[in-house]
Amino acid sequence: MKMITGVSKKHNSKWRLYGYDYNEDDKLVFQSRRISFLLVWYYKLKRIKTYNDICDNCLEEFRFHSTRFEKKPSMCGNCDPDFYD
Ligand SMILES: [Zn+2]
């Protein structure tokens with residue numbers, strides 16, 4: 001799975017992984033799949049969260065996706081496009 005947005009368990013059933021992955025046409029599509037509970041901690045660490053921040057350069061509010069341990073951008077996509085490659 002390319003981008004993991006959630007890991008959850010519903011109604012005491014199986015753990016499921018939610019996120020985006022490439023389909024046969026190379027497009028990112030929302031998917032969910034069943035995972036073993038042994039992998040829950042692993043996927044939770046890789047989960048992507050959405051953050052809001054203020055750009056250091058233009059002072060506009062911007063939004064970015066990141067896992068907990070990645071470096072956080074201090075500028076928006078307009079001011080620092082390299083960061084978002
Ligand atoms: Zn900016």
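Residues numbered from 1 in each chain as written. Predicted model: local features only at pLDDT ≥ 70, side-chain atom pairs only at ≥ 80, totals over all residues.

**A look at the overall build of the protein**
Definition in use: Here a strand is any run of E in DSSP of at least two residues, a helix any run of H or I of at least four, and the numbering for each starts at the N terminus. The globule rule used here is 2.2 Å times the number of residues to the 0.38 power, and the radius of gyration it is set against is calculated over C-alpha atoms. Distance between backbone-placed C-beta atoms decides contact: two residues are in contact if it is within 7 Å.
Check the secondary structure of the protein and you find one helix and five strands. Each helix and strand of the protein, placed in order from N terminus to C terminus, yields the pattern β-β-β-α-β-β. Taking 12 Å as the expected radius of gyration for a compact globule of 85 residues, we find that the protein reaches 16 Å, considerably beyond that expectation. Looking at the protein alone, contacts between residues at least 24 apart form 19% of all its contacts between residues at least 6 apart.

**Let's talk about the sheet that holds strand E1 (residues 3-9)**
This is how it is decided: Pairing between two strands requires that DSSP report at least two bridges joining them. Here an axis means a line fitted to C-alpha atoms, over the contact stretch when the element is a helix, while the angle between two N-to-C directions is reported on a 0 to 180 degree scale.
An order of E1-E2-E3 is seen for the three strands of this open sheet, with the pairing classed as antiparallel. Two strands lie at the open edges of the sheet, namely E1 and strand E3 (28-34), each paired on one side alone. Strand after strand, the sheet turns through a mean of 20° between neighbouring axes, direction not considered. For E1 and strand E2 (residues 15-22), the ladder comprises six bridges, and the chain directions are antiparallel. Looking across to E2, one finds that Ile 4 is bridged to Gly 19.

**Remarks on the domain arrangement of the protein**
Put simply, the rule reads: Marked domain ranges trace back to an automatic or database domain assignment.
On domain assignment, one finds that the protein holds domain 1 (1-47) and domain 2 (48-85). For domain 1 and domain 2, the distance between their C-alpha centroids amounts to 24 Å.

**Let's talk about the pairing of strand E5 (residues 61-66)**
Rule in force here: Using C-beta atoms placed from the backbone, we call a residue buried if 20 or more other C-beta atoms fall within 10 Å of its own, exposed if 12 or fewer do, and partly exposed for counts in between.
With zero of six residues buried, E5 lies mostly on the surface of the structure. Where strand E4 (residues 49-54) lies against E5, six bridges are found, and the strand directions are antiparallel. Within the sheet, the bridge partner assigned to Ile 54 lies in E5 and is Glu 61.

**Remarks on the pairing of E2**
Count of turn residues in the E1/E2 antiparallel hairpin: five residues, of which His 11 carries a positive phi of about 50°. In the sheet, E2 pairs with E3 via seven bridges, with the strands oriented antiparallel. Its bridge partner lying in E3, Leu 17 is registered against Arg 33. Between E2 and the antiparallel strand that follows it, E3, lie five residues; Asp 26 among them carries a positive phi value of about 65°.

**Considerations on unusual backbone geometry**
Positive phi is not limited to glycine here, since Asp 26 has a value of about 65°. Looking at the secondary structure, you find Asp 26 in the loop between E2 and E3. Take Asp 26: there are 6 C-beta atoms within 10 Å of it, and that puts it in the exposed class. Of note, the phi angle at Leu 59 is positive, near 65°, even though the residue is not glycine.

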